[in-house]
Amino acid sequence: MSPASTAPVYDRQILEFERPVVELERKIQELKQISTASIDFGDEIRRLEKKARRLQVEIFAELSPWQKVQLSRHPLRPYLLDYVPVLFDDFLELHGDRAFADDASIVGGLARFGAREVLVLGHQKGRNTRENVHRNFGMSRPEGYRKALRLMHLAARFGRPILTFIDTPGAYPGLGAEERGQAEAIAKNLEVMAGLPVPIVATVIGEGGSGGALALGVGDRVLMLEYAIYSVISPEGCASILWKDQSKVATAAEELKLTAPDLVRLGICDEVVPEGEGGAHRDLEGTARNLRATLDRQLDLLVGLAPSELTDRRYRKLRAIGVCEERAVS
Amino acid sequence: MAWWTREKATAIDVTDKRSVPKGVWVKCEECDEILFGPDLDANLRVCPRCDHHFSLPTRDRLRLIADEGSFVEADLGVESGDPLGFRVDGKKYRDRVKAARKSTGIADAYRAGSARVGGYEVELGTFAFEFLGGSMGSAVGEKITRQLERSLARRRPAIICSASGGARMQEGILSLMQMAKTSAALARLREAKVPYISVLLHPTTGGVAASFAMLGDVILAEPKALIGFAGPRVIEQTIRQKLPEGFQRSEFLMEHGIIDSIVHRRELKDRLVRLLAWFGTPRHAAGHDAG
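Residues numbered from 1 in each chain as written. Chains lettered and ligands numbered in written order. Predicted model: local features only at pLDDT ≥ 70, side-chain atom pairs only at ≥ 80, totals over all residues. Heavy atoms only, no water.

1. Thoughts on the packing of helix H6 (residues 142-157) of chain A against helix H8 (residues 182-195) of chain A
Residue and element names in this part refer to chain A.
No. 1: Relative to each other, H6 and H8 sit at 20 degrees, their axes nearing to 8 Å. Here H6 lies roughly parallel to H8, going by the angle between them. The crossing of H6 and H8 is left-handed. Contacts between H6 and H8 involve Pro142, Tyr145, Arg146, Ala148, Leu149, Met152 and His153 on the former and, on the latter, Gln182, Glu184, Ala185, Ile186, Lys188, Asn189, Val192 and Met193. (Axes fitted to C-alpha atoms, helices over the stretch in contact; angles between N-to-C directions. Helix = DSSP H or I, 4+ residues; strand = E, 2+ residues; numbered from the N terminus. Parallel < 35°, antiparallel > 145°, perpendicular 65-115°, else oblique. Left-handed = near helix turned anticlockwise from the far one by under 90°. Contact = heavy atoms within 4.5 Å.)

If you want it as structure tokens, here you go:
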């Protein structure tokens, strides 16, 4: 139950449905502070701790899709660079697309995962305003996708598995991004990833926002953290287009079927990785432990396959996606 | 402002809606010229005055490209299901699709089949923008994938004419994944050196632009078509700036090195034939119909 960081938690960093638990925890802290040798609140503290825990389990057992969307965007949620030191050894970041710029909303680099050398690639959001200006809120431009493409080609040439981590509101809708071929950059990644002769495991760790997410998302396995989401459009965008009403975000989130269990049912997500109690932001270590075990197990299943077998299976997997009805036509 | 009122007073309403059948007189969306409907149709729905390209009905698009009588449609019965049970204010997506089928007479937003173009055998497909904005759900993705697979199996070039607002929201993540599925099929085509020509029509945006539409060995576009990933309104809201004139139009894309060539509708077929010849496409054994 330890929070991901020891920094104080500000009110604006607490979601409405987290508040009852957080308030109990604050009370517990206060009691601990005023406890002295002569006045022992031990029993009361233990009672409240039990209560807080029970409350949290209750709340998290019944999260709505919209609440999961909020969790996936939680201001304290661990980002790629929070997981990297916990999951990998000797991470070496590599920058730039060799053509235009280094897009800091996508981070890529070499790393060792257990005994294996791998390529790590993923979106990166900022924790504060200054960082978010640098990271563009995790919204990538063409040069970001092209950097990813360059590094994936590198991994393929040297037979290194690719682990991608998805966490983006979506591709950046900007003037320059369009001028430099945003659509082409995303499309190219889809095409190339479908045919790369090395294992690719994509994990949605936060927000899986549309084409910008998919541009790092074509692989042999798609995993999702328990409270991650993956959607064709944001609930906000969907509400404003289909309902013409911004207040319908929760309804849109429900209709879009964007939670991890939904994606398992729809045959997109292969495995849901459990988060620590109260979400990844309250238990980075526990979440990372589960993630490491799952990634390791999935890679074990993939690394032994011949490249052609790997890409054939990947194709068949993609090929099967979709729900159509076929009517006999005379 | 006297001159203004005078002009208004002398304006004659030439389109008396009660006596003139619908579609006989059409006002050009670009230059405001009043055009005689049958003349416009005879000119491939291109304004004779300003060359504005009106949208062309799907069946006319097929007729424009395929040699006469050569188009054999495939996968006519492939239709989207409603995997999410999507509803907006109680209205079912399934019913919206049904209504679109009824009003357009086609099964979903894409039609594909085998055809000859200047005698060259191809696998040809085109979006039907009139069907829910040409949006791509499972059925569209499946039909395109099958088209590309036929193309690969028969080693015939693939031609896709795109006109779409993007992925179909009501099929959620499954729509998004059609981008990956169709692009994977294209990867195989590319690997096997079977050519693919992408023709971009007005408008081509979102998930369709960010997948097969932008992956052509050659990418052609009709003049002034809106082509891009994000819609102009979304961009304006994001950057809080007015977009420059002509932004995301075909001419803008060519200037920025994103497409190969802009082709007037009248010349589209000839251009395709030229490309097919260059690619070394075998011609139909029974000779060809210059169509």
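There's plenty left to go through after this.
2. Quick word on the nonpolar core
No. 1: Ranked by internal contacts, the top residues of the largest apolar core, which has 162 residues, are A:Phe88, A:Phe165, A:Tyr230 and B:Phe212.
No. 2: In terms of residue count, the dominant contributor to this core is helix H6 (residues 172-191) of chain B (10 residues).
No. 3: Ignoring any residue separated from it by four or fewer positions in sequence, one finds A:Phe88 in contact with A:Ala111, A:Arg112, A:Phe113, A:Val118, A:Val120, A:Leu163 and A:Phe165.
No. 4: Listed in part, the eight residues of the second largest apolar core include A:Leu15, A:Phe17, A:Phe60 and A:Tyr227. (Core = buried A, V, L, I, M, F, W, Y, C linked by side-chain atoms within 4.5 Å. Buried < 20%, exposed > 50% of the residue type's maximum accessible area, 1.4 Å probe, protein only.)

3. Comments concerning the confidence of the model for chain B
No. 1: Per-residue confidence for chain B gives a mean pLDDT of 92, with 90% of residues at or over 70.
No. 2: Across the predicted assembly, pTM comes out at 0.93 and ipTM at 0.95. (pLDDT = per-residue confidence, 0-100.)

4. What to know about unusual backbone geometry
All names here are of chain B.
No. 1: Residue proline 203 is bonded to the preceding histidine 202 through a cis peptide linkage, with omega at -15 degrees.
No. 2: Secondary-structure assignment places proline 203 in strand E10 (residues 196-205).
No. 3: At arginine 45, a position not held by glycine, the phi torsion is positive, near 55 degrees.

5. A closer look at the packing of aromatic side chains
No. 1: All told, the structure shown has 10 aromatic pairs over all chains when counted by the stated rule.
No. 2: Each ring, one from A:Phe17 and one from A:Phe60, has its centre 6.2 Å from the other, and the planes form 65 degrees; the classification is edge-to-face. Separated by 43 residues along the polypeptide, A:Phe17 in the segment before helix H1 (19-34) and A:Phe60 in helix H2 (residues 42-61) bring together distant segments of the chain.
No. 3: Of the residues examined, A:Phe60 reaches a relative accessible area of 13% and is grouped as buried.
No. 4: Ring geometry for B:Phe247 versus B:Phe252: centroids 5.0 Å apart, planes at 70 degrees, classification edge-to-face. The exposure classification of B:Phe247 matches that of B:Phe252, with both residues buried.
No. 5: Three or more aromatic residues joined by ring pairs form one cluster here, namely A:Phe17, A:Phe60 and A:Tyr227. (Phe/Tyr/Trp six-rings, centres within 6.5 Å; stacked < 30°, edge-to-face > 60°.)

6. Considerations on the interface of chain B and chain A
No. 1: Of the residues lining the interface, 60 residues belong to chain B; the matching set on chain A comes to 49 residues.
No. 2: Interface area, chain B with chain A, both sides summed: about 4800 Å², of which 68% is carbon and sulfur.
No. 3: Linking chain B with chain A are seven salt bridges, by the criterion used here.
No. 4: In this assembly, chain B and chain A are joined by 19 residue pairs in polar contact (both at pLDDT 80 or more).
No. 5: Mapped onto the side of chain B that touches chain A, the elements with two or more residues apiece are strand E4 (78-80), strand E5 (87-88), helix H4 (93-104), helix H5 (138-154), H6 and helix H8 (232-239) of chain B.
No. 6: In terms of residues, the side of chain B that touches chain A owes the most to one element, H6(B), which gives 16 residues.
No. 7: The residue inventory of the side of chain B that touches chain A, partitioned by class, reads 33 nonpolar, 16 polar and 11 charged.
No. 8: Pairing of strand E9 (residues 324-326) of chain A with E4(B) involves three bridges; the strand directions are antiparallel. Paired with A:Glu325 across the two strands is B:Glu79, which belongs to E4(B). (Buried area = accessible area lost by both parts, 1.4 Å probe. Salt bridge = Lys/Arg side-chain N within 4 Å of Asp/Glu carboxyl O. Polar contact = N/O pair within 3.5 Å; in protein donor to acceptor, adjacent residues only side chain to side chain. Nonpolar A, V, L, I, M, F, W, Y, C, P; charged D, E, K, R; others polar. Pairing = 2+ DSSP bridges.)

7. Points about a positive patch on the surface
All names here are of chain A.
No. 1: Together, Lys27, Lys50, Lys51 and Arg54 give the surface a local cluster of positive charge.
No. 2: For the positive patch, the element with the most residues is H2, which contributes three residues.
No. 3: Tracing the chain through its elements places lysine 50 in helix H2. (Patch = residues over 30% accessible without salt bridge, like charges linked within 9 Å, V, L, I, M, F, W, Y side chains within 5 Å. Areas by Shrake-Rupley, 256 points an atom, 1.4 Å probe, with all protein chains shown as cover. Lys, Arg positive; Asp, Glu negative; His and termini not counted. Charge placed at Lys NZ, Arg CZ, Asp CG, Glu CD.)

8. Regarding the pairing of strand E7 (residues 110-117) of chain B
If a strand is regular, its side chains alternate between the two faces of the sheet.
All names here are of chain B.
No. 1: Of all eight residues that make up E7, seven are buried, and the element is covered over most of its length.
No. 2: Where E7 and strand E8 (residues 120-127) come together, eight bridges link them in antiparallel fashion. Bridging across to E8, tyrosine 110 finds its partner in phenylalanine 127.
No. 3: Counting the residues between successive antiparallel strands, the hairpin from E7 to E8 contains two residues, one of them, glycine 118, with a positive phi of roughly 60 degrees.

9. Some remarks on the domain arrangement of chain A
Residue and element names in this part refer to chain A.
No. 1: Structurally, chain A comprises domain 1 (14-62) and domain 2 (69-319).
No. 2: If you average the C-alpha positions of domain 1 and of domain 2, the two centres end up 35 Å apart.
No. 3: With nine residues of domain 1 in contact, the opposing surface of domain 2 contributes nine residues.
No. 4: Of all residues in domain 1, Leu15, Gln56 and Phe60 give up the largest surface area on contact with domain 2, accounting jointly for 53% of the area buried on that side.
No. 5: Here domain 1 and domain 2 share two salt bridges between them.
No. 6: The salt bridge partner of glutamate 25 is arginine 282, with a shortest N-O separation of 2.3 Å.
No. 7: Joining domain 1 to domain 2, the criterion identifies five residue pairs in polar contact (both at pLDDT 80 or more).
No. 8: The set of elements that each furnish at least two residues to the side of domain 1 that touches domain 2 consists of H1 and H2.
No. 9: Classifying every residue of the side of domain 1 that touches domain 2 by side-chain character gives five nonpolar, one polar and three charged. (Domains from an automatic or database assignment.)

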